[in-house]
Amino acid sequence: MWNRRHFVAATTATAFASRLSAQVSLMPFIDSHVHVWKHDPAFPFASGANPPVEDASVEMLLDLMHANSVARTVIIQVIHYKWDNSYLASVLKRYPRDFHGVCRVNPEDPAAADQLKRMTEEQGFRGVRLSPAAGTAGDWIRGPLMPPLWRRCAQLKVPMTLLIPITRLPDLHPLIESNPDLQIVIDHMADSPLDHPEQLDLLLALARYPKIFVKISHIWSLSRQPFPYPDAAVQVKRLFDVFSAKRLMAGTDWPISLPKQSYAQTVALYRDHMGFLSPKDHAQILSKTVQEVWPFDF
């Protein structure tokens, strides 16, 4: 059962052990990717949604951040609420110092661009997330509603964030080229499979566009090896060699990562197991790239 007491006890113990073994000061960490939800009649889930019975509330997240010295966090609207961003909007209103929020809009709704403008200007959201499927259900990414939505993002100066299969990346080129100043963030390395390393070339090809950023998250879900997932580190290194640290960022994907590892283990993965990085590049990936895309006040 995910309750607040169990989360904090387990993750604090793991974080302490990691810090003790490292024998180094904690590097600043800004988490680029988490989700929150709460079973609360004031914030009903979308029709047909099947959220976990356990909460993943913002209060639980704050406890974990404090226990693991995570300075700030970007929260991505979870699919359980679909296009109703009310719970996340309430979080941003209550904790404006700690969080930025990325909303969802219905990409097949002609009013999506206007909805994004309202949520950005009235509720403080700092971006939008789209999730095109690999099959025909995701063909809307090539449809007529995308150019106005992407233009609106560029006008509002908020990033476009994409949960997108690696095979869909070629569909993005016309949209990127039409919006050269728009910051675009690819979630989870586009979940490029490690057993098909040639597919990563589709993501590496986007490096020629200077406003493309990549989250080096989902290391644990892609790997076929135990923590700290050395096979996935090879893929991270390939991305680093092409994009450089200035366009990569770390994210825990809490609580989606919990079946595989605790929040503290995920934080330790980025803090303590990126040995191929120089201290400068390490700091860039842990916090400075996020600050470039989603600036926080300190």
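Since this is a predicted model, take the numbers as computed values, not measurements. (Residues numbered from 1 in each chain as written. Predicted model: local features only at pLDDT ≥ 70, side-chain atom pairs only at ≥ 80, totals over all residues. Heavy atoms only, no water.)

Visitor: Hey, could you run me through the pairing of strand E1 (residues 30–34) in this one?
Guide: In the case of a regular strand, side chains alternate between the two sheet surfaces. Most of E1 sits inside the fold, with five of its five residues counted as buried. Pairing geometry for E1 and strand E2 (residues 72–76), over three bridges, is parallel. Residue pairing in the sheet places Val34 in a bridge with Ile75 of E2. On the question of chirality, the crossover connecting E1 to the parallel E2 by way of helix H2 (residues 58–67) is right-handed. (Buried < 20%, exposed > 50% of the residue type's maximum accessible area, 1.4 Å probe, protein only. Helix = DSSP H or I, 4+ residues; strand = E, 2+ residues; numbered from the N terminus. Pairing = 2+ DSSP bridges. Right-handed = clockwise from strand over helix to strand, strands pointing away.)

Visitor: Sorry if this is basic, but what is going on with the nonpolar core here?
Guide: The nonpolar side chains of a soluble globular protein tend to be buried with one another. Ranked by size, the top nonpolar core spans 83 residues in total, and within it Trp150, Ile186, Leu203, Ile219, Leu239, Phe243 and Trp254 carry the most contacts. Per-element tally for this core: the top contributor is H2, with six residues. Apart from the residues within four sequence positions on either side, Phe243 is in contact with Leu203, Leu204, Leu206, Ala207, Ile212, Val214 and Leu248. Counting residues in each nonpolar core, the second largest holds 11 residues, with Ile76, Val185, Met249 and Val290 among its members. (Core = buried A, V, L, I, M, F, W, Y, C linked by side-chain atoms within 4.5 Å. Contact = heavy atoms within 4.5 Å.)

Visitor: Help me out: how do you make sense of the side chain of Asp31 in this one?
Guide: Relative to the helices and strands, Asp31 is located in strand E1. Although Asp31 lies buried, it forms no salt bridge, and the closest oppositely charged side chain, Lys215, sits 7.9 Å away as judged by the N-O distance. (Lys, Arg positive; Asp, Glu negative; His and termini not counted. Salt bridge = Lys/Arg side-chain N within 4 Å of Asp/Glu carboxyl O.)

Visitor: I tried to follow the confidence of the model for the protein chain on my own but got confused; where do I start?
Guide: As a general rule, the predicted coordinates of low-pLDDT regions are not to be interpreted in detail. On average, residues of the protein chain carry a pLDDT of 93, and 92% of them reach 70 or more. At the level of individual helices and strands, the protein chain shows its lowest average pLDDT in helix H1 (residues 4–22), which scores 44, and its highest in strand E6 (residues 184–186), which scores 99. pLDDT under 50 marks residues 5–24. Its contacts with residues more than four places away, or in other chains, come to 26 contacts. (pLDDT = per-residue confidence, 0-100.)

Visitor: It is not clear to me how the packing of helix H4 (residues 112–123) against helix H5 (residues 146–156) should be interpreted in this structure. Could you clarify?
Guide: Relative placement of two packed helices is described by the angle separating their axes and the distance separating the axes. Viewed as axis vectors pointing N to C, H4 and H5 meet at an angle of 20 degrees, and their least axial separation amounts to 8 Å. Relative to H5, H4 is oriented roughly parallel. Crossing handedness for the pair H4 and H5: right-handed. The segment H4 lies against H5, with Ala112, Ala113, Asp114, Leu116, Lys117, Thr120 and Glu121 engaging Pro148, Leu149, Arg152, Cys153 and Leu156. (Axes fitted to C-alpha atoms, helices over the stretch in contact; angles between N-to-C directions. Parallel < 35°, antiparallel > 145°, perpendicular 65-115°, else oblique. Left-handed = near helix turned anticlockwise from the far one by under 90°.)

Visitor: Got a minute to help me understand the sheet that holds E6 in this structure?
Guide: Backbone hydrogen bonds hold the strands of a sheet together, and the pairing may be parallel or antiparallel. Read across the sheet, eight strands follow the order E1-E2-E3-E4-E5-E6-E7-E8 without closing on themselves; strand pairing throughout is parallel. At either end of the open sheet lies a strand with only one pairing partner, and these are E1 and strand E8 (248–249). Of the strand pairs in this sheet, strand E4 (residues 128–130) and strand E5 (residues 160–162) are connected by three bridges, and their pairing is parallel. Bridged to Val128 within E5 is Met160. Relative to the sheet, H5 contacts E4, E5 and E6, its axis offset from that of E4 by approximately 150 degrees.

Visitor: Is there a simple way to explain helix H11 (residues 279–293) in this structure?
Guide: One turn of the α-helix equals 3.6 residues, which is why residues spaced by three or four share an orientation. An ideal rise of 1.5 Å per residue puts 21 Å on 15 residues; H11 measures up with 21 Å between its terminal C-alpha atoms. At Ile285, H11 is bent by approximately 55 degrees, the largest bend along its length. Every buried residue of H11 is listed here: His282, Ala283, Gln284, Ile285, Leu286, Ser287, Thr289, Val290 and Val293. The inward-facing, buried residues of H11 abut E1, E2, E6, strand E7 (212–215), E8 and helix H10 (263–272). (Expected span 1.5 Å × (residues − 1). Bend = angle between axes of the 7 residues up to and from the residue.)

Visitor: For this particular structure, what's the right way to read helix H9 (residues 230–243)?
Guide: Over its 14 residues, H9 extends 20 Å from the first C-alpha to the last, a length consistent with the 20 Å expected when each residue adds 1.5 Å. Asp231, Ala232, Gln235, Val236, Leu239, Phe240 and Phe243 are the residues of H9 that are buried. Among the structural elements, helix H7 (200–204), E7, helix H8 (219–222), E8 and H11 are those in contact with the buried residues of H9. Looking one or two places after H9, you find Ser244, whose phi comes out positive at around 75 degrees.

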